[in-house]
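Here is how the chains run, residue by residue.
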Amino acid sequence: MATLDSFLSNTQLSTSIVSLVSTNNTEKKFLGKVTFTNTSASKVVVTVWRLPAATTPVSGSGGNWLDIKTIQPGKVWECDKLESHVLGNSMTTSAQSDTGSVINADLSGVTES
């Protein structure tokens, strides 16, 4: 019988790709709310990926990113391309910002194992 547990992930993005939420080979995660908050006085570009864990995220033109968004200063981006989606077995969501230590990523949902 499957077990359901809630999860919460709070991560500050950097200019390197950061893993936000991952699954192993025996679980799935159902993403609920996914927000990115710009705490700086400047606009910041955020890139988001949802990929199999063994796949390397690639940014830029021709990359395998899911969404790219410029977040204005002091604003929150609710990432609807991740919300209400499922991470299957051995998958990960990752993100990167073009300015480090100013974007707060908050994800919540349910783990099925």
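All values derive from a computational prediction rather than experimental measurement.

### Structural notes on the overall build of the protein
(1) Moving on: What the protein contains, in helices and strands, is zero helices and nine strands.
(2) Moving on: Counting from the amino terminus, the protein carries its helices and strands in the arrangement β-β-β-β-β-β-β-β-β.
(3) Moving on: Compactness check: the protein gives a C-alpha radius of gyration of 14 Å against a globular reference of 13 Å for 113 residues, within 12% of the reference.
(4) Moving on: Along the first, second and third principal axes, the C-alpha set of the protein runs to 50 × 30 × 20 Å.
(5) Moving on: Residue burial in the protein is summarised as follows: out of 113 residues, 38% are buried.
(6) Moving on: On the protein, roughly 5900 Å² of surface is accessible, and the fraction owed to carbon and sulfur atoms is 50%.

### Quick word on the pairing of strand β4 (residues 44-52)
(1) Moving on: Taken together, the five bridges between β4 and strand β5 (residues 67-71) define a ladder with antiparallel strand orientation. In the sheet register, Val 48 faces β5, and the bridge partner there is Asp 67.

### Notes on the environment of Gln 96
(1) Moving on: Structurally, Gln 96 can be placed in strand β8 (residues 91-97).
(2) Moving on: Placed 82 residues apart in sequence, Gln 96 and Ser 14 show a C-alpha to C-alpha distance of 5.9 Å.
(3) Moving on: Every residue in contact with Gln 96, bar those within four places of it in the chain, is listed here: Leu 13, Ser 14, Thr 15, Ser 16, Ile 17, Val 45, Val 46, Thr 47, Trp 49 and Ser 59.
(4) Moving on: Among the polar contacts listed, one links the side chain of Gln 96 to the backbone oxygen of Thr 15, at a separation of 2.5 Å.

### Here's the deal with the sheet that holds strand β2 (residues 18-22)
(1) Moving on: Pairing is antiparallel in the open sheet, where four strands are placed in the order β2-β8-β4-β5. Of all strands in the sheet, those bounded by a partner on one side alone are β2 and β5. Taken pair by pair, the neighbouring strands of this sheet meet at an average axis angle of 20°, ignoring direction.

Parameters and conventions
- Residues numbered from 1 in each chain as written.
- Predicted model: local features only at pLDDT ≥ 70, side-chain atom pairs only at ≥ 80, totals over all residues.
- Heavy atoms only, no water.
- Helix = DSSP H or I, 4+ residues; strand = E, 2+ residues; numbered from the N terminus.
- Rg over C-alpha atoms; globule rule 2.2 N^0.38 Å.
- Buried < 20%, exposed > 50% of the residue type's maximum accessible area, 1.4 Å probe, protein only.
- Areas by Shrake-Rupley, 256 points an atom, 1.4 Å probe, with all protein chains shown as cover.
- Pairing = 2+ DSSP bridges.
- Contact = heavy atoms within 4.5 Å.
- Polar contact = N/O pair within 3.5 Å; in protein donor to acceptor, adjacent residues only side chain to side chain.
- Axes fitted to C-alpha atoms, helices over the stretch in contact; angles between N-to-C directions.

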